[in-house]
Amino acid sequence: MTIKNICCIGAGYVGGPTMSVIAQKCPNIKVTVVDINEDRIAAWNHKDLSRLPVYEPGLDKVVEEARGRNLFFSTEVDKAINDADMIFISVNTPTKTYGKGKGMAADLKYIELCARQIARVAKQDKIVVEKSTLPVRTASAIKSILENTGNGVQFQILSNPEFLAEGTAVQDLLHPDRVLIGGDTTQEGQKAIQALVDIYANWIPNERILTTNVWSSELSKLTANAFLAQRVSSINAMSVICENTGADINEVSKAIGMDSRIGPKFLKASVGFGGSCFQKDILNLVYIAKTYGLDEVADYWEQVVLMNDYQKNRFSDNIVSTLYNTVSGKKITFFGWAFKKDTNDTRESAAIKVADNLLSEKANLSVYDPKVTEERIYADLDYLNSRSEEENRKLLKVQNNPYNAIKNSHAIAILTEWDEFKTYDWQKIYDNMHKPAFIFDGRGILDTKALSKIGFICYKIGSATTV
Ligand SMILES: NC(=O)C1=CN([C@@H]2O[C@H](COP(=O)(O)OP(=O)(O)OC[C@H]3O[C@@H](n4cnc5c(N)ncnc54)[C@H](O)[C@@H]3O)[C@@H](O)[C@H]2O)C=CC1
Ligand SMILES: O=C(O)[C@H]1O[C@H](OP(=O)(O)OP(=O)(O)OC[C@H]2O[C@@H](n3ccc(=O)[nH]c3=O)[C@H](O)[C@@H]2O)[C@H](O)[C@@H](O)[C@@H]1O
């Protein structure tokens, strides 16, 4: 079976970059990415490539090469579904905010809507690919919806979870550690798997394309995110022991990371992990375990999220206690709002929780992030409903220049590890701040020895305070 026409439902952080790379690498396949969000589609079609809705290094070049050739962005969902041989579902699967499983289970309403739309529109046989991250056994629900249309169309359901990380999406898509494809063990299922393998084989070596049964594939995605987040929570748990004992977390990370069984990656202590997926996917896993009555398993994984909450709260608590137990009316500058560097995404960013805590203490915040817009920052805070929108705007000001942001600040907090923060003229910054001038480095990126020489009082996550 040769695929000629792909449709992807959902033009977000995954659908957009993933399909752009498939289109770039498979010029003979027409790829149409559809979304109900008209503004998002308009942005994907924007002539000015710096206005794409997702900021990812290198993405503009990929889009430039493929868009209009075999890559299209559209709001005509029905048409794209009908024309396609293969349909990727890449819509959002947030944590449920209502009803059974509230605050934990994945909300599958967008997935179900897609399945129903495909069932309604499809007139020829199709392969449906789960690209979104889903609870194990979701494929059976999708199958049930698709197979009960009564119009005789045959569907094969594959699971093909995405492992890209934001900020490195293009490189991750071009050179993935592995591509995972799960499908039915029937002959038809195997043919569908092969059709998707053939697409990836255009640029990915065969030994990196792994095929499994559909349940293993679905569960592997949740497992991978749980393991990654667990590493961050584990190193963060050690960071506070370091601060209390005089050990240094970077030295500890290096020492344990040289053990080839542990490995050096993902051992950077931080103010807490953010991003749209780690917390949501772990909570989803916790919920799955609970539904099978596996309370010990559920508690084990939930602790990863609880440790992350602790890390964010202790960072803001430390700012308050260091600034003589009150930040009321004091100006604190945030460098960074995104959940990590090289992305404009702020979903679940640690900065949001830290800001909310400090605003509750009546601090005045000044925020500078090289890629995040003012609208986004206010929207993140307003969403929490902790205080009125008016008050958020009164207490927090967004700045587009770091040197203006810090004027008359009592303290600076580093919330995102943007490289440019390391290159600033820190003497000039010091000269323009109230004294004593404090720095709280929540990412461990600054040279605190040099900063102490200038006169700053420095707190760095995972190491003892330097004066
Ligand atoms: N953000 C990331 O780095 C990664 C995300 N994932 C998973 O991929 C999935 C998508 O995530 P993102 O791309 O970040 O979400 P997103 O929120 O950026 O994009 C989802 C898009 O789907 C659209 N949509 C929802 N229902 C629709 C419908 N019925 N018809 C047409 N469009 C519809 C929304 O308008 C939105 O633009 C999630 O399950 C997530 O867990 C997986 C790996 C990485
Ligand atoms: O399913 C997803 O959404 C994706 O989630 C993560 O990717 P992402 O959230 O984009 O970014 P990461 O690089 O994993 O960082 C997540 C958070 O952990 C933090 N982190 C990461 C690594 C580390 O050592 N320390 C640390 O604090 C980051 O700053 C960030 O806030 C996974 O790395 C991807 O494989 C996965 O596809």
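Residues numbered from 1 in each chain as written. Chains lettered and ligands numbered in written order. Predicted model: local features only at pLDDT ≥ 70, side-chain atom pairs only at ≥ 80, totals over all residues. Heavy atoms only, no water.

UniProt records the feature "domain: UDP-glucose/GDP-mannose dehydrogenase C-terminal" (unreviewed entry) for residues 333-448 in the present numbering. Within residues 333-448, the helical portion is 34% and the strand portion 16%, while the C-alpha atoms at the span's ends are 17 Å from each other. (UniProt positions renumbered as here; feature names shortened; annotations may be inferred. Helix = DSSP H or I, 4+ residues; strand = E, 2+ residues; numbered from the N terminus.)

What follows concerns the confidence of the model for the protein chain. Summing up the model confidence of the protein chain, the mean pLDDT is 97 and the portion of residues at 70 or higher is 99%. Both scores are available for the predicted complex, with the pTM at 0.96 and the ipTM at 0.98. (pLDDT = per-residue confidence, 0-100.)

Scanning all chains against the criterion turns up 20 aromatic pairs. Feature note: the residues Phe335, Tyr368, Tyr403, Phe421, Tyr424, Trp426, Tyr430 and Phe456 constitute an aromatic cluster, connected by ring pairs. Over the ring of Tyr430 we find Lys435, and its NZ or CZ is 4.6 Å from the ring centre. (Phe/Tyr/Trp six-rings, centres within 6.5 Å; stacked < 30°, edge-to-face > 60°. Lys NZ or Arg CZ within 6 Å of the ring centre and 35° of its normal.)

What follows is about helix α14 (residues 374-384). Because an α-helix completes one turn every 3.6 residues, residues spaced three or four positions apart along the sequence face the same direction. What α14 keeps buried is the set Ile377, Tyr378, Asp380, Leu381 and Asp382. Looking at the packing, one finds that the buried side of α14 touches α13 (350-360), β10 (364-368), α15 (389-395) and β11 (396-398). Of the residues trailing α14, Asn385 is marked for its positive phi of about 60°. (Buried < 20%, exposed > 50% of the residue type's maximum accessible area, 1.4 Å probe, protein only. Contact = heavy atoms within 4.5 Å.)

What follows concerns the site of ligand 1. As a structural note, the neighbourhood of ligand 1 is formed by 25 residues, with Asp35, Arg40, Thr93, Glu166 and Lys280 the closest of them. Backbone polar atom of Tyr13 to an oxygen atom of ligand 1: 3.0 Å apart, as the coordinates give it. The contact in question runs from an oxygen atom of ligand 1 to an N or O atom on the side chain of Asp35, over 2.6 Å. Here ligand 1 has 830 Å² of accessible area as a free molecule, and 92% of this is covered by the chains. In the shell around ligand 1, the residues fall into 9 nonpolar, 9 polar and 7 charged. Of the residues that make up the shell around ligand 1, three or more belong to each of domain 1 (5-204) and domain 2 (215-467). (Near = heavy atom within 4 Å. Polar contact = N/O pair within 3.5 Å; in protein donor to acceptor, adjacent residues only side chain to side chain. Areas by Shrake-Rupley, 256 points an atom, 1.4 Å probe, with all protein chains shown as cover. Nonpolar A, V, L, I, M, F, W, Y, C, P; charged D, E, K, R; others polar. Domains from an automatic or database assignment.)

A separate point is the side chain of Thr416. Counting through the fold element by element, Thr416 comes out in the loop between β12 (411-414) and α17 (426-431). There is a polar contact of 3.2 Å between the side chain of Thr416 and the backbone nitrogen of Trp337. A polar contact is formed between the side chain of Thr416 and the backbone oxygen of Ala338, at a distance of 2.7 Å. With residues near it in sequence (within four places) discarded, Thr416 still touches Phe335, Gly336, Trp337, Ala338, Lys340, Lys341, Asp369, Phe421, Arg443 and Ile445.

Ranked by internal contacts, the top residues of the largest apolar core, which has 60 residues, are Phe334, Trp337 and Trp426. In terms of nonpolar packing, the next biggest core, distinct from the first, is built from 46 residues, Cys26, Leu49, Val62 and Leu196 among them. (Core = buried A, V, L, I, M, F, W, Y, C linked by side-chain atoms within 4.5 Å.)

Once that is clear, we can look at the packing of helix α11 (residues 278-291) against helix α12 (residues 295-322). Between α11 and α12, whose axes approach to 8 Å, the crossing angle comes to 155°. As summarised for this structure, α11 and α12 are arranged roughly antiparallel, according to the angle between their axes. Here α11 and α12 pass one another in a crossing that is left-handed. Contact residues: α11 offers Gln279, Ile282, Leu283, Leu285, Val286, Ala289 and Lys290, while α12 offers Asp295, Val297, Ala298, Trp301, Glu302, Val304, Val305, Asp309 and Lys312. (Axes fitted to C-alpha atoms, helices over the stretch in contact; angles between N-to-C directions. Parallel < 35°, antiparallel > 145°, perpendicular 65-115°, else oblique. Left-handed = near helix turned anticlockwise from the far one by under 90°.)

Attention shifts here to α12. Between the first and last C-alpha of α12 there are 39 Å, a value that for 28 residues agrees with the 40 Å anticipated at 1.5 Å per step. Along its length, α12 shows its largest kink, about 25°, at Gln303. Directly beyond the C-terminal end of α12, a positive phi value near 60° is found at Tyr324. (Expected span 1.5 Å × (residues − 1). Bend = angle between axes of the 7 residues up to and from the residue.)

Ligand 2 sits among 20 residues. The nearest are Phe163, Leu164, Ser270, Cys277 and Arg443. Take Phe163: an N or O atom from its main chain is 2.7 Å from an oxygen atom of ligand 2. Ser270 is positioned with one of its side-chain polar atoms (N or O) 2.6 Å from an oxygen atom of ligand 2. A per-element tally of the shell around ligand 2 places helix α9 (residues 214-245) first, with 4 residues. Split by residue class, the shell around ligand 2 holds 11 nonpolar, 3 polar and 6 charged. For the shell around ligand 2, the domains that each give at least three residues are domain 1 (5-204) and domain 2 (215-467).

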